[in-house]
Amino acid sequence: MASIFDEIPDIYKDREVLSHRFVPDELPHREKEIREIASYLKHALKGSTPPNLLILGHTGTGKTVTVKKVLQELSKVAGDKVDISYVIASGTPFQVLNDVAAELDPGVSFKGLSFKEAWNRFRRLLNKDKVTIVVLDEIDKMLTYSSELLYFLSREDRICTIVLSNKINVMDMIRDKRVLSSFNPIKIVFPKYNALQLQDILKSRAEKAFYDGVLEEGVIPLCAALAMEREGDARYALDLLLYAGDEAVRQGGSKVTVEHVRIARMKVEEDFVRQSIRNLSLAQKLLLLAVLKNEGASPKEIYNLCNEYLKKFRGEGLSHRRLSSLLGDLELYGFVMYVRKGMGRGRGTVWHVYLNDTIDRRLVEETLKESLLEEI
């Protein structure tokens, strides 16, 4: 008996291959970084604690998938010598510690405890006969609150801490001298991909994701070229290819064309904005909210309004210096812009902060609302 699914074109061999979560067997143009990370983690195979690592690089340079690839290989050969906990460090040190512990033991919850109490319980989870590798991805989000967790992790025996960030100056976010003294990671910087490297990555994934002959000749070069406008962001390139494939299916086509890529670009841009907002720290989200609620205000007025929100939701605010750095990040990400206006002859100039006029205000408001409701 015929099914409605029989009418839908079958162009994918394995759509999941294009997902950010997928860890491929091969990572083109990251062989050097794989070997370097593996050379440090290999110490765990002999029962020694590897050095702490700081993995840096712009968004879409393959940091996360490379680390996951090495950890997968380590798990295969290490047996019961190693415990691994990988988390996105997007909350307070207490929240992140709870997530790290839950990765080691899914039944664990530190709800209702102080940080010190939670840390003591976490220590009791550790198997001293094993090396524990703790991976804190997007560490800059946690550091907007405190570096307290890094202090304790770096002073604990038989823990290797790997932190990842797309902020090259992320260590400047650590103000506590005790942490800077105890946490001295080896730095590994991932370079940006160029257009040809992006094409290699896309071809490698496309071979596994699509059936032969599905992609029109110009699809991969166009995806790579558009991703170069995002500073060589491989995630963006993969998203374009995925959405283009989905658009071809939606239209009932048997091939993915460059026109599908152009249509996909609009969808990916919207999703990119949504995901970028969700990936902001709570303080950055509240700063963006302050700009939306008080467009044209001075930076100082924005900081004061943001601190009102922070005190309401978190119990304490941040210094204007810290908020200035976070607002600078929002400008770098393309969310806000500064406008300089003269006060009149001899009276100097003032700066005003606005939402970037290239971004859909409705989309920002909607995503902020959803994200803050989830987080607060």
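The structure we're discussing is the one just above.
Residues numbered from 1 in each chain as written. Predicted model: local features only at pLDDT ≥ 70, side-chain atom pairs only at ≥ 80, totals over all residues. Heavy atoms only, no water.

Caption draft 1: Looking closely at the packing of helix 9 (residues 219-228) against helix 11 (residues 258-278). Here helix 9 crosses helix 11 at 30°, and the two axes come no closer than 9 Å. Taken together, the axes of helix 9 and helix 11 are roughly parallel relative to one another. The crossing of helix 9 and helix 11 is right-handed. Taking contact as the criterion, the partners of Val219, Leu222, Cys223 and Leu226 in helix 9 are, on helix 11, Val258, Val261, Arg262 and Arg265. When grouped by side-chain class, the residues that make up the contact of helix 9 with helix 11 number 6 nonpolar, no polar and 2 charged. (Axes fitted to C-alpha atoms, helices over the stretch in contact; angles between N-to-C directions. Helix = DSSP H or I, 4+ residues; strand = E, 2+ residues; numbered from the N terminus. Parallel < 35°, antiparallel > 145°, perpendicular 65-115°, else oblique. Left-handed = near helix turned anticlockwise from the far one by under 90°. Contact = heavy atoms within 4.5 Å. Nonpolar A, V, L, I, M, F, W, Y, C, P; charged D, E, K, R; others polar.)

Caption draft 2: Layout of the pairing of strand 1 (residues 53-56). In strand 1, alternate side chains face the same way, and those of Leu53 and Ile55 on one face and Leu54 and Leu56 on the other are all buried. Here 4 bridges tie strand 1 to strand 4 (residues 159-165), and the two strands are oriented parallel to one another. By the bridge assignment for strand 4, Leu53 is matched with Ile162. As paired strands, strand 1 and strand 5 (residues 186-189) are joined by 4 bridges and run parallel to one another. Within strand 5, the residue paired with Leu54 across the bridge is Lys187. (Buried < 20%, exposed > 50% of the residue type's maximum accessible area, 1.4 Å probe, protein only. Pairing = 2+ DSSP bridges.)

Caption draft 3: Local environment of a nonpolar patch on the surface. Together, Ile4, Phe5 and Ile8 make up a nonpolar patch on the protein surface, roughly 350 Å² of accessible area in all. By the element assignment, Ile4 lies in the segment before helix 1 (31-41). (Patch = residues over 30% accessible without salt bridge, like charges linked within 9 Å, V, L, I, M, F, W, Y side chains within 5 Å. Areas by Shrake-Rupley, 256 points an atom, 1.4 Å probe, with all protein chains shown as cover. Salt bridge = Lys/Arg side-chain N within 4 Å of Asp/Glu carboxyl O.)

Caption draft 4: View of the environment of Ser165. Relative to the elements of secondary structure, Ser165 occurs in strand 4. Judged by its relative accessible area of 2%, Ser165 falls in the buried class. Distance from Ser165 to Met337, taken between C-alpha atoms, is 24 Å for residues 172 residues apart in sequence. Beyond its immediate chain neighbours, meaning those up to four positions away, Ser165 contacts Ile55, Leu56, Gly57, Lys63, Ile139, Asp140 and Val170. Within the local environment of Ser165, its side chain forms a polar contact with the side chain of Asp140, the two groups lying 2.8 Å apart. (Polar contact = N/O pair within 3.5 Å; in protein donor to acceptor, adjacent residues only side chain to side chain.)

Caption draft 5: Quick peek at the nonpolar core. Core analysis: the largest hydrophobic core is formed by 34 residues, its most contacted members being Leu287, Leu288 and Phe335. Secondary structure elements with two or more residues in this core: helix 11, helix 12 (282-293), helix 13 (299-313), helix 14 (320-332), strand 7 (349-355) and helix 15 (361-375). The biggest single contributor to this core is helix 12, with 9 residues. Once you skip the residues sitting within four places of it in the chain, Leu288 turns out to touch Ile277, Leu280, Leu330, Phe335, Val336, Leu355, Val364 and Leu368. (Core = buried A, V, L, I, M, F, W, Y, C linked by side-chain atoms within 4.5 Å.)

Caption draft 6: Representation of the pattern of salt bridges within the structure. This model, assessed by the stated rule, comprises 23 salt bridges. Salt-bridge contacts for Glu36 lead to Lys32; the nearest nitrogen and oxygen are separated by 3.9 Å. In this pair, Glu36 and Lys32 both sit in helix 1, 4 residues apart, roughly one turn of the helix. For Glu36, a relative accessible area of 23% puts it in the partly exposed group. A network of salt bridges, in which partner residues are shared, links Glu270, Arg274, Asp360, Arg362 and Glu366.

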